[in-house]
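Each chain, written out:
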Amino acid sequence: MRMTRRDFLSASAAFAAVGIGTARAAPLPREADVVVIGAGAAGIAAARRISAANRKVIVLEASDRIGGRCLTDSKTFEVPFDRGARRLYNPDTNPMVKLARNAGLTLYNVPPGQKIRIGRRNARAGETEQFLATLVRAKRAIDEAARGRNDVSCAAALPGDLDVWAGTIDFVLGASETGKDLKDLSAIDQARSPDRIAAVGCKQGLGALLMALGQTLPVSLATPASHVTWAGRGIGVETPAGRINARAIIVTVSSNVLASGNIRFSPDLPKRQLDAAARLSLGSYDRIALWLPNNPLGLGPNEAMIEQSRDGKTALLLANANGSSLCTVDVAGDFGRALSAQGEGAMVAFASEWLAGLFGSDVAAAVKRSAATRWNAAPHVLGAMSAAEPGGQPSRRVLMEPLGAMVFAGEATHETLWGTVDGAWESGERAADAVLRRIGPLREAAPAAPRKKSHRRKRYSNPR
Ligand SMILES: Cc1cc2nc3c(=O)[nH]c(=O)nc-3n(C[C@H](O)[C@H](O)[C@H](O)COP(=O)(O)OP(=O)(O)OC[C@H]3O[C@@H](n4cnc5c(N)ncnc54)[C@H](O)[C@@H]3O)c2cc1C
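Q: What exactly am I supposed to notice about the overall build of the protein chain here?
A: When its secondary structure is counted, the protein chain shows 15 helices and 20 strands. Relative to its full complement of 464 residues, the protein chain shows a buried share of 59%. Here the contacts in the protein chain between residues at least 6 apart in sequence split such that 76% fall between residues at least 24 apart. On the protein chain, roughly 19,100 Å² of surface is accessible, and the fraction owed to carbon and sulfur atoms is 52%.

Q: What should I look at first to understand the nonpolar core in this one?
A: Soluble, globular proteins show a tendency: their nonpolar side chains are buried together. Residues V34, V36 and I250 are the most contacted members of the largest nonpolar core, which totals 43 residues. At the level of elements, β1 (31-37), α2 (41-52), β2 (57-60), α3 (95-102), β9 (199-202), α8 (206-214), β13 (242-251) and α15 (421-439) are the ones that each hand at least two residues to this core. Examining the composition of this core, we find that 8 residues originate from one element, α15, more than from any other. Those residues within four positions of I250 in sequence are excluded, and the remaining contacts are V34, V35, V36, I37, A46, I50, V407, A409, A431, A432 and V435.

Q: Which parts of the structure should I look at to understand the site of the ligand?
A: Near the ligand, the surroundings consist of 37 residues, among which E61, R69, R87, A225 and V421 are the closest. In the environment of the ligand, an oxygen atom lies 2.8 Å from a nitrogen or oxygen atom belonging to the backbone of R69. Within the backbone of A225, one N or O atom sits 2.9 Å away from a nitrogen atom of the ligand. Elements represented by at least two residues in the shell around the ligand include exactly α2 and α15.

Q: Just checking my understanding: could you explain the side chain of Q393 for this structure?
A: Along the polypeptide, Q393 turns up in the loop between β19 (369-372) and α14 (395-400). Note on Q393: relative accessible area 2%, which makes it buried. A distance of 3.1 Å separates a polar atom in the side chain of Q393 from a polar atom in the side chain of D189. Separated by 2.9 Å, the side chain of Q393 and the backbone oxygen of E415 make a polar contact. Each residue touching Q393, except ones within four places of it in the same chain, is listed here: S186, I188, D189, R192, A388 and E415.

Q: I would appreciate a short explanation of the sheet that holds strand β5 (residues 88-89) in the present structure.
A: Either a parallel or an antiparallel arrangement is found when strands of a sheet pair, and the pairing is made through backbone hydrogen bonds. Strands sit in the order β5-β9-β6 across an open sheet of 3 strands; the sheet is antiparallel. The open sheet has two edge strands with one neighbour each: β5 and β6 (107-109). Pairing between β6 and β9: 3 bridges, direction antiparallel. The partner of L107 across the bridge, within β9, is C202. Packing against the sheet, α3 makes contact with β5, β6 and β9, and its axis sits at approximately 130° to β6.

Q: Would you mind showing me how to read α15 here?
A: An α-helical turn contains 3.6 residues, so any two residues separated by three or four positions project in the same direction. An ideal rise of 1.5 Å per residue puts 27 Å on 19 residues; α15 measures up with 27 Å between its terminal C-alpha atoms. In terms of burial, α15 is largely enclosed, as 14 of its 19 residues are buried. Positioned one or two residues after α15, G440 has a phi angle of 85°, which is positive.

Q: How should I be thinking about the pattern of salt bridges in this particular structure?
A: Side-chain pairing between opposite charges can occur once the charged atoms of the two side chains come close. Under the definition given, this model contains 22 salt bridges. Across the pair E144 and R147 runs a salt bridge, and its minimum N-O distance is 2.8 Å. By the burial criterion, E144 is exposed, and R147 matches it. Here the salt bridges do not stand alone but share partners, grouping R49, E429 and D433 into one network.

Q: Help me understand the packing of α2 against α15, please; the structure alone is not making it clear to me.
A: The axes of two packed helices give the description: the angle between them and the distance between them. One way to put it is that α2 packs onto α15 with a least axis distance of 7 Å and a crossing angle of 40°. For α2 against α15, the interelement crossing comes out right-handed. Mapping the contact onto sequence places A41, A42, I44, A45, A46, R48, R49 and I50 in α2 and V421, A424, W425, S427, G428, E429, A432, D433 and L436 in α15. Of the residues assigned to the contact of α2 with α15, the class counts are 11 nonpolar, 2 polar and 4 charged.

Q: Before we go on, may I ask you to explain unusual backbone geometry in this structure?
A: Backbone phi values are negative for most residues with the exception of glycine, while trans is the configuration of most peptide bonds. Cis geometry marks the peptide bond from S266 to P267, where omega comes out at -10°. Relative to the assigned elements, P267 resides in the loop between β14 (264-266) and α10 (271-279). Positive phi is not limited to glycine here, since N54 has a value of about 65°. Tracing the chain through its elements places N54 in the loop between α2 and β2. Looking at N54, the relative accessible area reads 42%, which means it is partly exposed.

Q: Any chance you could explain the pairing of β13 here in plain terms?
A: Every regular strand shows the same layout, with side chains that alternate between the two sheet faces. Relative to β13, β1 is paired through 6 bridges, and the arrangement is parallel. Residue pairing across strands places I37 opposite V251, the latter belonging to β13. In terms of strand pairing, strand β12 (residues 236-239) meets β13 through 4 bridges, oriented antiparallel. From the neighbouring strand, V237 faces β13, where its bridge partner is I244. Once β12 ends, the chain turns through 2 residues before running back antiparallel as β13. Bridge analysis of β13 against strand β20 (residues 406-408) gives 3 bridges, and the strand direction is parallel. Pairing of V251 across the sheet is with F408, part of β20.

Cut-offs used in this document
- Positions within a chain are numbered from 1, following the residues in the order the chain's sequence is written.
- Since the coordinates come from a predicted model, pLDDT governs what is reported: local features require at least 70, and pairs of side-chain atoms require 80 or more to be given and counted, while whole-chain, interface and lining totals use all residues.
- Where side-chain values are given, they derive from all heavy atoms of the structure, hydrogens and water being excluded.
- Think of it this way: any DSSP run of H or I at least four residues long counts as a helix, any run of E at least two long counts as a strand, and we number them from the N terminus.
- For each residue, the accessible area found with a 1.4 Å probe, counting protein chains only, is set against the maximum for its type, and the residue is called buried under 20%, exposed over 50%, and partly exposed in between.
- Contact definition: two residues touch when any of their heavy atoms are within 4.5 Å.
- Each accessible area value is a Shrake-Rupley result obtained with a 1.4 Å probe; residue values ignore everything except the protein chains displayed when judging cover.
- Only buried Ala, Val, Leu, Ile, Met, Phe, Trp, Tyr and Cys residues count toward a nonpolar core, and they belong to the same one when joined by side-chain atoms within 4.5 Å.
- For each residue, the test is whether any non-hydrogen atom lies within 4 Å of the molecule or strand; if one does, the residue is near.
- Counting of polar contacts relies on pairs of N or O atoms within 3.5 Å, with two restrictions inside protein: one atom must be capable of donating a hydrogen and the other of accepting it, and residues adjacent in sequence are counted only when both atoms are side-chain atoms.
- DSSP bridges decide pairing: two strands pair if at least two such bridges lie between them.
- Only C-alpha atoms enter the line fits that serve as axes; for helices the fit covers just the stretch in contact. Angles between N-to-C directions range over 0 to 180 degrees.
- Residue count minus one, scaled by 1.5 Å, sets the expected span of a helix.
- Put simply, a salt bridge is a Lys or Arg side-chain nitrogen that is within 4 Å of an Asp or Glu carboxyl oxygen.
- Two helices crossing with the near one rotated counterclockwise from the far one by less than a right angle form a left-handed crossing, whereas a clockwise rotation gives a right-handed crossing.
- Polarity classes work like this: nonpolar for Ala, Val, Leu, Ile, Met, Phe, Trp, Tyr, Cys and Pro, charged for Asp, Glu, Lys and Arg, and polar for all others, with Gly in that last group.

Structure, rendered in structure tokens:
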């Protein structure tokens, strides 16, 4: 079944009217086999697996919607605008692709790579070649450093002669991929994450995908977990709407939420886990959306563009999303963090000026509508995606270790696919399997399909 935009909008309206699985309106169950905290990709994956094993599960979600960092805004523009994740990388091996197709959503291929702008002109073929060769050298140097005894920052691993491309390389391999600049990134973490050789987008948006996948689950929205008891007597979760006793708990909140102390744990979380969360803190990645009718940039559908930049004050442009007038300017890393702290007005002003600098001042005048995300200020996420600080890669494994009746999941716990939707999804399924091993399924759950190995060609990555 193909879902049209109208189908999707009416389905969304229906969800909103009834509240998706809103056990909040009805009383929360007092007992469940498993309480899952968080209805993002990891939480939905975990709950589906537990439910498939016929165990009683309840998902608690602090915000008023399903999806977490997969959030599609269908109101601001004439087409869905993904405020968080928008690409499924390496579609041949990405389990979300099949789930999206089965949910009746429409996927489209994203052109690989990106154009490069040098001031007001496109890079010449020779310049692009030179950039790509420099990028390959930089990646090789990071991979080489990752094989050393001690982890170092990606910046420390770089060759010293990146010349005019140094700023662009930092942006492409650092901020635009992970939300952190290369000086703040572990070379080992970076080297372990597979290259994003190909990518697909979802016409209805990845937030819509998560909503579809969570549709039949018991999710209690606007119900934050405030206190988790994970060992001793009285294992369970407290919320403002009441307490739920459970045999096991899966916690999928972001590493920054975990480190923030917003959720109380009894016993207190061991220092080992708290340190791990801190070493996997979230980078900063935000999206400024501009409605630019009549294609003033002269770019093709879903065409991506970066610039030859001297410093981190740069961005990634994605033009004409899926053939529409929606153009997005993504800012990230230290620069993106400082800009988003100044608010939406400053972000839109930057995006307009940046485009004017690259394409001429008519572009700024052509902006008809705008919006901007501020993920660092989103109270239940507090950032974009986890990226290990130098020496921090082993923390991902630490976060995966079960603690009493509690297991952590979420993108930060995936050793290679961190920072992605599929990584979060797989981590949720893994956590569910760990919990089912502990409490036992009522019926044999289908084993996780082994993931095909993706080719690890060192190439130009696909932009977010
Ligand atoms: C701007 C941006 C662009 C991105 N682009 C891509 C991309 O193109 N492709 C890609 O694969 N990945 C991308 N990512 C990363 C991807 O979105 C994440 O890795 C993934 O969605 C994380 O899922 P999760 O379940 O681990 O966490 P989350 O989605 O953060 O889910 C955790 C949930 O826990 C809830 N929660 C928090 N506190 C509580 C509490 N006390 N009680 C109950 N619930 C609570 C939160 O509200 C949230 O819904 C992007 C991320 C951002 C921000």
